[in-house]
Amino acid sequence: MAVLRRKARRGQGDHVHDDPLDAAQERRVRAVLALGGVPQADLPDGVQQVRLRLLERTASGREAPRDVSAWAAVVASNLAMDWHRARRRQDRLGERLAALRQTEHPSGEDTSLLSLAVAQGLDELPDAQRQVLVLRFYADLPVRGIAEELGIPEGTVKSRLHTAVRALRARLHEDEVV
């Protein structure tokens, strides 16, 4: 908050002094991100994220970190891990989509029929089951992530997924789509 107050008082103050990270800290953040495997093109965004988190921490009234340089390095390391998780999630989704394209579908008509049957089956599911099914298989969220997002136990997510998949499978067999 003090940084923001100083900035407001100065009005058109020197922007170099308004930066919550000094040059050495910024170099350290860049190094941690780069060593963490973040591509060169994404490094400026990573540095900005660290700045933003430091400013948010200050603005929220929390005590400033004792060692800003160490704190910034930890935040940068966490950002690098987040970047890798997002990248892996995208890769897995791409693999799943590629696998779906490689499966044998004799004609576009059969694919359309299956898509329509799945959409109708999803519409018939209770909201809670449809929600976890979509989050798991379409948004590619892990069970733990779904539980955290919805604020329910992991066991509940698993139970709903199991019931939803069983009901959808039965619906597709009943309609003789699969």
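Quick look at the structure, then. (Residues numbered from 1 in each chain as written. Predicted model: local features only at pLDDT ≥ 70, side-chain atom pairs only at ≥ 80, totals over all residues. Heavy atoms only, no water.)

**Re the packing of helix H8 (residues 143–150) against helix H9 (residues 154–174)**
Threshold: To get an axis, a line is fitted to the C-alpha atoms, and for a helix only the part in contact is used. The angle between two axes follows their N-to-C directions and goes from 0 to 180 degrees. Helix and strand labels come from DSSP, where a helix needs a run of H or I of at least four residues and a strand needs a run of E of at least two; each type is numbered from the N terminus. Each angle receives one of four descriptions, namely roughly parallel if under 35 degrees, roughly antiparallel if over 145, roughly perpendicular if within 65 to 115, and oblique otherwise. Note on convention: near helix rotated counterclockwise from far helix by under a right angle means a left-handed crossing. Clockwise means right-handed. By definition, residues are in contact when any of their heavy atoms lie within 4.5 Å. All residues other than Ala, Val, Leu, Ile, Met, Phe, Trp, Tyr, Cys, Pro, Asp, Glu, Lys and Arg, Gly among them, are scored as polar; the first ten of these are nonpolar and the last four charged.
Running from amino to carboxyl end, H8 crosses H9 at an angle of 110°, the nearest separation of the two axes being 8 Å. Taken together, the axes of H8 and H9 are roughly perpendicular relative to one another. Judged by the twist between their axes, the crossing of H8 over H9 is right-handed. Counted together, Val 143, Arg 144, Ile 146 and Ala 147 of H8 and Glu 154, Val 157, Lys 158 and Leu 161 of H9 form the full contact between these two elements. Per-class residue counts for the contact of H8 with H9 are five nonpolar, no polar and three charged.

**Observations regarding the nonpolar core**
The following threshold applies: Nonpolar cores were defined as sets of buried Ala, Val, Leu, Ile, Met, Phe, Trp, Tyr and Cys residues, with membership established by side-chain atoms within 4.5 Å. Exposure is judged per residue with a 1.4 Å probe applied to protein chains only, and the accessible area is read against the type maximum: over 50% gives exposed, under 20% gives buried, and values in between give partly exposed.
Counting residues in each nonpolar core, the largest one holds 15 residues, and the members touching the most others are Leu 122, Leu 125, Val 132, Leu 133, Val 157, Leu 161 and Leu 172. The set of elements that each furnish at least two residues to this core consists of helix H6 (108–124), helix H7 (127–137), H8 and H9. Element by element, the count of residues in this core is highest for H9, at five residues. Core analysis: the next-biggest nonpolar cluster, separate from the first, contains 14 residues, Leu 54, Ala 72, Ala 76 and Leu 79 among them.

Function cannot be inferred from these measures alone, as they are strictly geometric.
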